Amino acid sequence: MKYIASWSGGKDSTASIILAHEHNEPLDLIIFSEVMFDKNISGELPEHIFFIKNKCIPLFENWGYKTKILHADLTYMDIFLRQPTRGKRFGTGMITGFPMSGRCQINRSVKVLPIKRFLKGFEEEFTQYIGIAVDEPVRLDRVIKTNNQVSLLQKYGYTEQMAFDLCKKYNLLSPVYDFAPRGGCWFCPNARDCELRNLRNNHNDLWNKLLELEKTLNLIGNKWNTLTQTSIHDKEQQFMWEDRQMTIFDFIEG
């Protein structure tokens, strides 16, 4: 029996690895699925992927755990630029564009699929560690129905807050938690304003890529959030005016 941890770098999956280390639980491999924006640019937030590759992985390997980074065959841009192969827009020359928000199809095909393929092709019997806390009963109920999935957080009675505190104790909290309650791809249509502000303020090159993508012609999904019809240009205007208001208030208070 081999033991494999699915790891995102978030508090719950990271706490699971820490618990395996503390309690001498068997752990043969840690897998991390990295979403790619294109062939060269990571879809993970720069501070998060730096945390993954330069802090966590060296430490985990020092603890004796092998790690493996998985990648999908497709990138975000591959999906963004492809043309429909069926339906009413087939043959029109239109481009898929921005994905539908909500249950993101990018996450399913570019993040989750590589993990499923890897595990399906794994030639030995294995148990998969997944990071689900005891205060997530609905998600845990699904795990109980899957024989080869185990939650160490459940085994040791850890809530999400306890997982957060454990990661903080080991200095293994992703920098994402400095400005958002959870992480995600930097182009995610479900991103909160706090995440978008961080992108605009600290990674303007990536922010500008989203602005430029909205100018692409013949897009089916022609706005960053196709569900709410909110564009990145709308957010640019919103943040610009909020910044101006803050500057005025600072001037008045001064």
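Structure's up top.
The structure contained in this document is the topic of the report that follows. Note that this is a predicted model, so its numbers are computed, not measured.

The rules behind these values
Residues numbered from 1 in each chain as written. Predicted model: local features only at pLDDT ≥ 70, side-chain atom pairs only at ≥ 80, totals over all residues. Heavy atoms only, no water. Phe/Tyr/Trp six-rings, centres within 6.5 Å; stacked < 30°, edge-to-face > 60°. Helix = DSSP H or I, 4+ residues; strand = E, 2+ residues; numbered from the N terminus. Buried < 20%, exposed > 50% of the residue type's maximum accessible area, 1.4 Å probe, protein only. Lys NZ or Arg CZ within 6 Å of the ring centre and 35° of its normal. Contact = heavy atoms within 4.5 Å.

1. Overview of the packing of aromatic side chains
- Applying the stated rule across the entire model yields 17 aromatic pairs.
- Aromatic side chains phenylalanine 37 and tryptophan 186 sit 4.7 Å apart centroid to centroid with 40° between the ring planes, which places their arrangement in the tilted category. One end of the pair, phenylalanine 37, is in the loop between β2 (29-33) and α2 (46-62); the other, tryptophan 186, is in the loop between α7 (160-169) and α8 (193-202), and 149 residues separate them in sequence. Each member of the pair phenylalanine 37 and tryptophan 186 is classed as buried.
- Taking 4.0 Å as the distance between ring centres and 25° as the angle between the ring planes, the aromatic pair formed by tyrosine 76 and phenylalanine 187 counts as stacked. Residue tyrosine 76 is located in helix α3 (residues 76-81), and its partner phenylalanine 187 is located in the loop between α7 and α8; the two are separated by 111 residues in the primary sequence.
- One aromatic cluster in this structure is built from Trp7, Phe32, Phe60, Trp63, Tyr65 and Tyr170.
- Across from the ring centre of tryptophan 241, 4.9 Å away, lies the NZ or CZ of arginine 244, which sits over that ring.

2. Regarding the side chain of threonine 14
- In this structure, threonine 14 sits in helix α1 (residues 11-22).
- Setting aside chain neighbours within four positions, we find threonine 14 in contact with Trp7, Gly9, Phe60, Cys167 and Leu172.

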